[in-house]
Amino acid sequence: MINKKVNSVQEALQGIEDGMTIMLGGFGLCGIPENSIAELVQKGTTNLTCISNNAGVDDFGLGLLLQKRQIKKMISSYVGENAEFERQMLSGELEVELTPQGTLAEKCRAAQAGIPAFFTPAGYGTEVAEGKEVREFNGKMHIMELAYKADFSIVKAWKGDEAGNLIFKGTARNFNAPMAGAAKITIAEVEELVPVGTLDPNQIHIPGIMVQRIFKGEKFEKRIEQRTTRKRE
Amino acid sequence: MALDKNDIAKRIAQEVKDKYFVNLGIGIPTLVANYVRTDISVEFQSENGVLGMGPFPFEGEEDADVINAGKQTITTLPGASFFDSAFSFGMIRSQKVDLTILGAMEVAENGDIANWKIPGKMVKGMGGAMDLVASAENIIVAMMHVNKAGESKILKRCTLPLTGVGCVKKVVTELAVMEITPKGFKLLERAPGVSVEHIIASTEAELIIEGDIPEMVI
């Protein structure tokens, strides 16, 4: 067994420097690597390019990095729910690359799978297609999209073992699975870090080969963005 | 009388057939789930990675790890499954999802749709809408016929940045049900008490009107 365990978030994030490109898992606030984001705020790393489906909310998730102007460029599919983001984007302080969500996921998956580019119909005929190669397959128009190239990928899982094997819970799997192994170095923060041999190999979502560093997050707030409920009859 | 949002959802629910896998967008489309017949088998997909979505959880049973694409807490039904975002859009691209219902700011008679950006004003992003409209075979749009200023959103050509081209099949508004044919919008039904003349006056695009137009049954 090759041990990937590191003892702290500080150790996990070693080597993340100003100007780097970082993938961060999560959908909305669901499954975001919140301990790593808090540490990036502490570290004060700046000029970051962040690939993340969303940009958090004003006071949580990537919103915290935006507040401290640590992000130079955001690559996302949906950035509502964040007033500071909108302000920085409209004023030109923040560079934004809006990408269809399925394309964003596939650009991560392609990087994870060693595929340099792929064709998708998403965005054909829209401003997303500007400057991209167009080809027809089976009578339908497609545009070429490239795999992402990132320095670090930071994902969050429910359970992991010291070999870096990961298991996600519910819809928190989202972008965490396709981002694992999609950058030069993948860091996994987990709610439960267990010794090897504890997890059933049949139940592993991401094999440890995709993960270089794993640590147990100190605290998970797991904030809910839209708390919707129904009344008991 | 023009329909309210729940009525639009009720009318669209009639389009949901037995054994359909359905993706519901944010807003009016989300309400459709409340009105689907209970004697048919339908599974709801949410593009953030769940199939077999159930109703909202009871108070106190919310799980931060189980949400829909609107970031709302949800539950799952027996037979449900979770998957990652790449896999989710894989099943959308490969047309495993039978019906996509989404909102729009504008729809044009050539089937174009715009729903993600108002330049200089509102830039929230397209989310999964571009992927959904580019791949879905059956797309129904739930939207308001006119904006708050009374201007038609049913157009000859979209004026806002497009989400997808030539993809919308059917539109349900507070005034009418329209099908998009190779020749443009065909008026199928009108809201109860709303005249054909009123619909024509509220529509910038040409409407194909054949025979008597029946009232919607809500």
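Everything discussed here concerns the structure shown above.
Residues numbered from 1 in each chain as written. Chains lettered and ligands numbered in written order. Predicted model: local features only at pLDDT ≥ 70, side-chain atom pairs only at ≥ 80, totals over all residues. Heavy atoms only, no water.

A look at the interface of chain A and chain B
Thinking step 1. On the side of chain B, 50 residues touch chain A, which itself brings 52 residues to the contact.
Thinking step 2. Summed over both partners, the interface of chain A with chain B buries about 4,300 Å², with 57% contributed by carbon and sulfur atoms.
Thinking step 3. The largest contributions to the chain A side of the interface with chain B come from Thr171(A), Thr228(A) and Arg230(A), which together make up 16% of the buried area.
Thinking step 4. Run the count over chain A and chain B and you get seven salt bridges. (Contact = heavy atoms within 4.5 Å. Buried area = accessible area lost by both parts, 1.4 Å probe. Salt bridge = Lys/Arg side-chain N within 4 Å of Asp/Glu carboxyl O.)

Some remarks on the packing of aromatic side chains
Thinking step 1. What the rule picks out here adds up to two aromatic pairs over all chains.
Thinking step 2. Residues Phe119(A) and Phe137(A) carry aromatic rings whose centres are separated by 5.1 Å and whose planes lie at 65 degrees to one another, so their mutual orientation is edge-to-face. On the criterion of sequence distance, the pair formed by Phe119(A) in strand β5 (residues 117-120) and Phe137(A) in strand β6 (residues 134-137) is long-range, its members being 18 residues apart.
Thinking step 3. Taking relative accessible area as the criterion, Phe119(A) reaches 25% and is therefore assigned partly exposed.
Thinking step 4. Measuring from ring centre to ring centre gives 6.2 Å for Phe83(B) and Phe87(B), while their planes differ by 45 degrees; the resulting arrangement is tilted.
Thinking step 5. Assessed through its relative accessible area of 6%, Phe83(B) is described here as buried.
Thinking step 6. Classification of Phe87(B) as exposed rests on a relative accessible area of 54%.
Thinking step 7. Against the face of Phe220(A) rests Lys156(A), its NZ or CZ located 5.2 Å from the ring centre.
Thinking step 8. Over the face of the ring belonging to Phe58(B) we find Arg230(A), whose NZ or CZ atom lies 4.0 Å from the ring centre. (Phe/Tyr/Trp six-rings, centres within 6.5 Å; stacked < 30°, edge-to-face > 60°. Helix = DSSP H or I, 4+ residues; strand = E, 2+ residues; numbered from the N terminus. Buried < 20%, exposed > 50% of the residue type's maximum accessible area, 1.4 Å probe, protein only. Lys NZ or Arg CZ within 6 Å of the ring centre and 35° of its normal.)

Some remarks on the pairing of strand β3 (residues 50-53) of chain B
Residue and element names in this part refer to chain B.
Thinking step 1. Relative to β3, strand β2 (residues 42-46) runs antiparallel, the two sharing two bridges. Looking across to β3, one finds that Gln45 is bridged to Leu51.
Thinking step 2. Hairpin connection between β2 and β3: a loop of three residues separates the two successive antiparallel strands, and Gly49 in this loop has a positive phi of roughly 120 degrees.
Thinking step 3. Where β3 and strand β4 (residues 76-82) come together, three bridges link them in antiparallel fashion. Considered in β4, the bridge of Leu51 is made with Ser81. (Pairing = 2+ DSSP bridges.)

Re the layout of surface pockets
Rolled over the atoms, a probe as big as a water molecule pinpoints where empty space is left.
All names here are of chain A.
Thinking step 1. Estimated volume of the second largest pocket: approximately 360 Å³.
Thinking step 2. As for the second largest pocket, its lining consists of 21 residues, and the residues nearest its centre are Val9, Asn35, Ala38, Glu218 and Lys219.
Thinking step 3. When grouped by side-chain class, the residues that make up the lining of the second largest pocket number eight nonpolar, six polar and seven charged. (1 Å grid on protein atoms, 1.4 Å probe; cavity = no way out; pocket = protein on both sides within 12 Å on 5 of 7 lines; lining within 4 Å. Points joined across faces, edges and corners; volume = space filled by probe spheres on them. Nonpolar A, V, L, I, M, F, W, Y, C, P; charged D, E, K, R; others polar.)

Brief notes about empty space enclosed by the protein
All names here are of chain A.
Thinking step 1. Summed over all chains, the structure comprises four cavities of 30 Å³ or more.
Thinking step 2. Empty space within the largest cavity amounts to approximately 70 Å³.
Thinking step 3. What lines the largest cavity is a set of 13 residues, and nearest its centre among them are Gly28, Ile32, Ser52, Asn54 and Leu62.
Thinking step 4. By volume, the second largest cavity amounts to about 60 Å³.
Thinking step 5. Looking at the lining of the second largest cavity residue by residue, the class counts come to five nonpolar, one polar and five charged.

Section: the nonpolar core
Thinking step 1. Core analysis: the biggest nonpolar cluster contains 52 residues, and Val32(B), Ile101(B), Val107(B), Ile113(B), Val141(B), Val171(B) and Phe185(B) have the highest contact counts within it.
Thinking step 2. Setting aside its immediate chain neighbours within four residues, Val107(B) contacts Asp112(B), Ile113(B), Val141(B), Met143(B), Lys153(B), Ile154(B), Leu155(B), Cys158(B), Val168(B), Val171(B), Ile180(B) and Phe185(B).
Thinking step 3. Of all hydrophobic cores here, the second largest spans 39 residues; its members include Ile16(A), Leu24(A), Leu40(A) and Ala129(A). (Core = buried A, V, L, I, M, F, W, Y, C linked by side-chain atoms within 4.5 Å.)

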